Amino acid sequence: MAQTADPPKNSGFFYQKYLQVILRNLVMILIAFLLFGIILLLSGKNPVLSFRDIFRSTLGSAYGFSEVIVAMTPMLITALAVAFPARVGLINVGAEGQLYMGALFATWGALTFSGLPAWVLLPGMALLGMLGGGLWAFIPGYLKSIGLVNETITSLLLNSVAPSIVSFFIFGYWHAPRDTSTTSNFVKSARLPTLFGTRIDLSFVLAVVLLVLFWLFMKYTRWGLEMRAIGGNSQSARRNGIPLKIYLVSIMCIGGAIAGLAGMAQVSGYYGLLLANFSIGLGFMGFLISWIAGGEPLGIFLISFVVAVIFTGGNLLQLTQGLPYSVINILLAFTLFIVLARPTFFSKRRRS
Amino acid sequence: MPATPTSHALPGPMVSMRGITKAFPGVLANDGIDLDIYPSDVHALLGENGAGKSTLVKILYGFYRADSGSVLLNGQPVRIQSPADARKFQIGMVFQDFNLIPAFSVAENIALFLPDLKPVIHPKEIDHRIEEISTRYDLQVNPHALVSQLSIGEQQKVEILKLLLSNARLFILDEPTRVLAPHEIKALFGVLENLRKDGYAILLITHKLNEVLECADRISVLRTGRLAGTLTRREASEEKLIAFMFEKSLAGLNRHAHAAARSDRPPILRLTNIATHSLGAQVGLEDINLDIYPHEIVGVAGVSGNGQKELGDVILGLQKCSQGHKELFGQEATSWSIGRVRQSGVAFVPENPLQMAVTPYLSVLENMALTRSRLYARLGGLRVDWGAVQADARESFVRFGFSVPSLFVPVRSLSGGNLQRMTIARELAFDPKLIVGSYLTRGLDLQSTLSARQALLDARQAGAGILLISEDLEELFTLSDRLIVLSRGRIVGSFLPTETDNYTVGRLMTGAKV
Ligand SMILES: Nc1ncnc2c1ncn2[C@@H]1O[C@H](COP(=O)(O)OP(=O)(O)OP(=O)(O)O)[C@@H](O)[C@H]1O
Ligand SMILES: [Mg+2]
């Protein structure tokens, strides 16, 4: 008996779909590199040399490669935090704020229960992080579901509130004896284990698992089906008896919880402490990546990887050639503009 | 400018289509179709659902590109690659769901479509042109009214005005009468008659044979993508057309020896003093009292926009009542969620399935599962039993005598009638106890209309209560056990079909007192 609602596999239809996803993302990546080349050219760099430097520094060595993985991990998670709500038509611009709240809650756990063993403390911190992010996303989700304010605006506005709350707790209560802008280092049991003796930590594995789960969830489960129905036509989904409000609120919260998990991973894995204004726009980056990738898990992975390469290499360029870091965001934004300008690029070509 | 209105034997065809072929994945929608359209001619295009009518006219209008075949305009081959090309060749089309901008006035909508719109708009001049044409063809609408405030019939007039002012000579109308009330249909045919006299050509798609025999000069019938034949009005008869369309004669309705509804049993649905707030263009319901008993079909007559949608939505639980109570199967149900209402055995066929019943980009199969996703879920929801969905879907299509091209195509690619078939099959499949059907047979071909009506009668026989909302009085009188008339959100009349007639109901519908 059929396991999915796909047509029989021999129809050719099936492979075409995946080919299309990959093709789409490859074109996006090409566009990104082209744009980046132009930016480099404009800032007086030699694009060819710069690209060579970037690839050499990132993909040319085991260390460089591991740094790419480290950089892409939070992007994967925050992109998922945007892609999941996007499936029901919710535009979550608030991953940045949710990430901060997740970090805040997780840090509270790390500081309060520092005596617990890692196998209790880490899952506890992860849950706390998800709780923080989820609660933060509940606000826009709820307001949207009662038809009061659009979630885009609310989640965006809340982004500027969350870092202030984090700073308040750091400066007010939790700061280290000598530095008022960070907490003390977490105890060992509150740190995510690292892998292969690099800075890659467990959250990378978690991120990949989450992406696969996301894909399976949308494709196979009843809730995935209902979410696709809502995303495609919320009016008819509602008439068909799908509880729209419950879906909107809970999916927004799950999105927030995922972003909160990214925050937990940052403090528990990458930094090992909570730092005021620690995120360099990871939530926004996740937003851009998710929309460039069309919300597809495979696309998110590919795009995040490429962005991480440029980003890590860009860091290097900054040291060697004095290029400002913000070009990465400019680059992503430009790529997204192109995506938005031609959303039906591929489908159009196919139709005629 | 108009040619002398003589018989159409004189001029050659205005537009000829030759060997038009168009395939979609898995379907050959048009297969070598030849069609000649003459000036001063109303040319009707008939055929069962999915026969390829809409595809053919969309090709003529440049909306689709044919795989092969050619189009000749006054004998000269032309290439129509886009609707803009079509308009250049004086071909205009009114789509089923109109293309007007609701927030704009009539004049603004028309101005936007003018081929010679100047950078600086002279509203006076445009008003003048609208006025001239609209009096000439009896298409009176207020040019300053907002489109959102117009009835569907008036919007259609605006669409036709648009085409007239853009100098179209061939008018393509895809099921123009589908959403019109009887008096609006009459008005439309009056307009078509005037256009015909002035030498315009009209290509008209419809499923209603009486309309065809009333106004068409020439009738072409499509069957599964092929041209089954073209007849002149003199040659045509109802039997002939049916034979052309279906290759067989149609069975009549089996009305059963049905047990009369008994009001001593508890009603399936009871609405008591229901009122709703009116928001925007919505009509507020007022003082609605309605009981539906098992074994009963209650027909709701009314010009659409008089509270039909709101009535259905109140029953479904989508629209909150500001006043009154709703009981379902003897239980207080005013505040039930839509999910609960549906699970209790209520089926709902909305007036516009594409917007209100399905998710267009999901496949037919996935849409068939949507209303029953909980029942098809396995492992607590981690898996959906698509095998069961398939089996049920196939069974219900067979049961109702419907066919759709494939269960795996996205619903948005279905023809209008096939979409309606799918919605009906999904909603009526599991022996619902209460059926709310709005314009249930809209867009269905003759045979499917019969099947759908039979399905309603069968459901009644099995003990269901049915609320049948329609503008088609013939349908209401054929099927209903009781008839109510809805006007401006109120029930203004309640009859047994035997104690009233078309005329009385028609007058009540349009708001007149009897
Ligand atoms: N865009 C499309 N993609 C795929 N298949 C299509 C598309 N448009 C139409 N079809 C298929 O082509 C066939 C003919 O469709 P068409 O809309 O022309 O039928 P129709 O005669 O207008 O029927 P109806 O009376 O139901 O409106 C149908 O089987 C339909 O599923
Ligand atoms: Mg059609």
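Given the structure is predicted, the values throughout are model-derived calculations rather than measurements.

Each value, and the rule that gives it
Residues numbered from 1 in each chain as written. Chains lettered and ligands numbered in written order. Predicted model: local features only at pLDDT ≥ 70, side-chain atom pairs only at ≥ 80, totals over all residues. Heavy atoms only, no water. Helix = DSSP H or I, 4+ residues; strand = E, 2+ residues; numbered from the N terminus. Contact = heavy atoms within 4.5 Å. Areas by Shrake-Rupley, 256 points an atom, 1.4 Å probe, with all protein chains shown as cover. Near = heavy atom within 4 Å. Polar contact = N/O pair within 3.5 Å; in protein donor to acceptor, adjacent residues only side chain to side chain. Nonpolar A, V, L, I, M, F, W, Y, C, P; charged D, E, K, R; others polar. Phe/Tyr/Trp six-rings, centres within 6.5 Å; stacked < 30°, edge-to-face > 60°. Buried < 20%, exposed > 50% of the residue type's maximum accessible area, 1.4 Å probe, protein only. Axes fitted to C-alpha atoms, helices over the stretch in contact; angles between N-to-C directions. Parallel < 35°, antiparallel > 145°, perpendicular 65-115°, else oblique. Left-handed = near helix turned anticlockwise from the far one by under 90°. Buried area = accessible area lost by both parts, 1.4 Å probe. Salt bridge = Lys/Arg side-chain N within 4 Å of Asp/Glu carboxyl O. Pairing = 2+ DSSP bridges. Core = buried A, V, L, I, M, F, W, Y, C linked by side-chain atoms within 4.5 Å. Domains from an automatic or database assignment.

**A short note on the overall build of chain A**
Moving on, step 1. Scanning chain A for helices and strands turns up 14 helices and zero strands.
Moving on, step 2. When the helices and strands of chain A are placed in sequence order, the string is α-α-α-α-α-α-α-α-α-α-α-α-α-α.
Moving on, step 3. In chain A, 77% of the contacts between residues at least 6 apart in sequence involve partners at least 24 apart.
Moving on, step 4. In the structure as shown, chain A presents an accessible area of about 15900 Å², 71% of it carried by carbon and sulfur atoms.

**Here we look at the site of ligand 1**
All names here are of chain B.
Moving on, step 1. Taken together, 20 residues sit near ligand 1, with Lys53, Ser54, Thr55, Ser415 and Gly417 positioned nearest.
Moving on, step 2. The separation between an oxygen atom of ligand 1 and a polar side-chain atom of Ser54 is 2.7 Å.
Moving on, step 3. Gly417 is positioned with one of its backbone polar atoms (N or O) 2.7 Å from an oxygen atom of ligand 1.
Moving on, step 4. Burial of ligand 1 by the protein chains amounts to 89% of its free accessible area of 630 Å².
Moving on, step 5. At the level of secondary structure, the elements contributing two or more residues to the shell around ligand 1 comprise strand 2 (27-37), helix 1 (53-60) and helix 15 (416-428).
Moving on, step 6. Counted by class, the shell around ligand 1 contains seven nonpolar, 11 polar and two charged residues.

**As for the packing of aromatic side chains**
Moving on, step 1. Per the stated rule, a full pass over the model turns up 23 aromatic pairs over all chains.
Moving on, step 2. Geometrically, the ring pair formed by Tyr100 of chain A and Phe278 of chain A is tilted, given 4.8 Å between the ring centres and 50 degrees between the ring planes. Separated by 178 residues along the polypeptide, Tyr100 of chain A in helix 4 (residues 95-112) and Phe278 of chain A in the loop between helix 10 (244-271) and helix 11 (282-292) bring together distant segments of the chain. This pair shows no difference in class: Tyr100 of chain A is buried, exactly as Phe278 of chain A is.
Moving on, step 3. Ring centres of Phe171 of chain B and Tyr200 of chain B lie 5.6 Å apart, and the angle between their planes is 75 degrees; on these two criteria the pair is classed as edge-to-face. Here Phe171 of chain B is found in strand 7 (residues 170-174), whereas its partner Tyr200 of chain B is found in the loop between helix 6 (182-197) and strand 8 (201-205), with 29 residues between them in sequence. Across the pair, exposure class does not vary: Phe171 of chain B and Tyr200 of chain B are buried alike.

**Considerations on the packing of helix 3 (residues 62-86) of chain A against helix 11 of chain A**
Residues and elements named next belong to chain A.
Moving on, step 1. One way to put it is that helix 3 packs onto helix 11 with a least axis distance of 7 Å and a crossing angle of 60 degrees. For the element pair helix 3 / helix 11, the angle class is oblique. In the packing of helix 3 onto helix 11, the handedness of the crossing is right-handed. In this structure, helix 3 contributes Pro74, Met75, Thr78, Ala79, Val82, Ala83 and Ala86 to the contact, and helix 11 contributes Leu282, Gly283, Met285, Gly286, Phe287, Ile289, Ser290 and Trp291.

**Some details on the interface of chain A and chain B**
Moving on, step 1. Contacts between chain A and chain B engage 26 residues on the former and 39 residues on the latter.
Moving on, step 2. Of the roughly 2800 Å² buried at the junction of chain A and chain B (both faces included), carbon and sulfur atoms supply 56%.
Moving on, step 3. Per-residue buried area on chain A facing chain B is highest for Arg222, Arg239 and Asn240 of chain A; these three make up 27% of the total on that side.
Moving on, step 4. Linking chain A with chain B are two salt bridges.
Moving on, step 5. We note a salt bridge from Glu366 of chain B to Arg228 of chain A, for which the minimum N-O separation is 2.8 Å.
Moving on, step 6. Run the count over chain A and chain B and you get 13 residue pairs in polar contact (both at pLDDT 80 or more).
Moving on, step 7. Contributing elements (two or more residues each) for the side of chain A that touches chain B: helix 8 (222-232) and helix 9 (234-239) of chain A.
Moving on, step 8. If you tally residues by element for the side of chain A that touches chain B, the top one is helix 8 of chain A, at seven residues.
Moving on, step 9. Its residues assigned to classes, the side of chain A that touches chain B comprises 10 nonpolar, nine polar and seven charged.

**Some points on the sheet that holds strand 14 (residues 323-328) of chain B**
Residues and elements named next belong to chain B.
Moving on, step 1. Across the sheet, which stays open at both edges, the four strands sit in the order 12-11-14-15 with antiparallel pairing between neighbours. If you trace the sheet from one side to the other, it starts and ends with strand 12 (288-292) and strand 15 (331-332), each paired once.
Moving on, step 2. Where strand 11 (residues 269-275) meets strand 14, five bridges bridge the pair, whose relative direction is antiparallel. Residue pairing for strand 14: Arg270 is matched across the bridge by Glu327.

**What to know about the nonpolar core**
Here is a general trend for soluble globular proteins: nonpolar side chains tend to be buried in one another's company.
Moving on, step 1. Counting residues in each nonpolar core, the largest one holds 146 residues, and the members touching the most others are Met125 of chain A together with Val505 of chain B.
Moving on, step 2. Here the element with the most residues in this core is helix 3 of chain A; it accounts for 14 residues.
Moving on, step 3. Contacts of Val505 of chain B, omitting those with residues within four sequence positions, involve Ala301, Leu473, Phe477, Leu483, Val485, Phe495 and Thr500 of chain B.

**Describing the domain arrangement of chain B**
Residue and element names in this part refer to chain B.
Moving on, step 1. According to the domain assignment, chain B contains domain 1 (1-90 + 170-179 + 199-249), domain 2 (98-168) and domain 3 (269-345 + 432-509).
Moving on, step 2. Just the C-alpha atoms count here: the centres of domain 1 and domain 2 sit 26 Å apart.
Moving on, step 3. At the junction of the two partners, domain 1 supplies 10 residues and domain 2 supplies 10 residues.
Moving on, step 4. The contact between domain 1 and domain 2 buries some 900 Å² in all, and 66% of this surface belongs to carbon and sulfur atoms.
Moving on, step 5. Applying the counting criterion to the domain 1 and domain 2 interface returns two residue pairs in polar contact (both at pLDDT 80 or more).
Moving on, step 6. Partitioned by chemical class, the residues of the side of domain 1 that touches domain 2 number eight nonpolar, one polar and one charged.

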